[in-house]
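Residue strings, one per chain:
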Amino acid sequence: MRFRTNVVSMIGVSAENRAGAGVAGGDEVDVDLELDTAPRQITEPADLAAALDAQPAARRTFDKLSYSNKSWHVCRSRAPGRTRPGSVGSGSPSTH
């Protein structure tokens, strides 16, 4: 079983991963931890990428964001009921 996490004091394991490993909540298990040094990459939806590319300042700001902040914006861009497809949203990405 492999999954990525950035939590170092406690490792949460989803029900799906527990089932895949054949363990249940509360079971004692031995684990091997490996440092994951691979850069985290965000796949931008095409409409968000196009909106950012149409606004060079927004693109530069977005590109400077941390993985977590980029992920937040990508999730928001995929949220049901957003006001305009391709909209960069209200406020600049640097505010989050």
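Here, every reference points to the structure presented above.
No experiment lies behind these values; they were computed from the predicted model shown.

## What to know about the side chain of Ser77
Right, on to step 1. When you line up the elements, Ser77 lands in helix H4 (residues 67–77).
Right, on to step 2. A polar contact of 2.7 Å, which involves the side chain of Ser77, links it to the backbone oxygen of Val74.

## Quick word on the environment of Leu48
Right, on to step 1. Note that Leu48 resides in helix H2 (residues 46–53).
Right, on to step 2. Taking the C-alpha atoms as reference points, Leu48 and Val74, 26 residues apart in sequence, are found 7.6 Å from one another.

## Looking at the nonpolar core
Right, on to step 1. In this structure, Leu48, Leu52, Ala58, Phe62, Leu65 and Val74 together form the largest nonpolar core, which totals six residues.
Right, on to step 2. Discounting chain neighbours no more than four positions away, the residues touching Val74 are Ile42, Thr43, Glu44, Pro45, Leu48 and Phe62.

## A few points about a negative patch on the surface
Right, on to step 1. Judged by side-chain charge, Asp27, Glu28, Asp30 and Asp32 come together as a negatively charged surface patch.
Right, on to step 2. Among the structural elements, Asp30 can be located in the loop between helix H1 (15–21) and H2.
Right, on to step 3. For Asp30, a relative accessible area of 82% puts it in the exposed group.

Cut-offs and rules
- Residues numbered from 1 in each chain as written.
- Predicted model: local features only at pLDDT ≥ 70, side-chain atom pairs only at ≥ 80, totals over all residues.
- Heavy atoms only, no water.
- Helix = DSSP H or I, 4+ residues; strand = E, 2+ residues; numbered from the N terminus.
- Polar contact = N/O pair within 3.5 Å; in protein donor to acceptor, adjacent residues only side chain to side chain.
- Core = buried A, V, L, I, M, F, W, Y, C linked by side-chain atoms within 4.5 Å.
- Buried < 20%, exposed > 50% of the residue type's maximum accessible area, 1.4 Å probe, protein only.
- Contact = heavy atoms within 4.5 Å.
- Patch = residues over 30% accessible without salt bridge, like charges linked within 9 Å, V, L, I, M, F, W, Y side chains within 5 Å.
- Areas by Shrake-Rupley, 256 points an atom, 1.4 Å probe, with all protein chains shown as cover.
- Salt bridge = Lys/Arg side-chain N within 4 Å of Asp/Glu carboxyl O.
- Lys, Arg positive; Asp, Glu negative; His and termini not counted.
- Charge placed at Lys NZ, Arg CZ, Asp CG, Glu CD.

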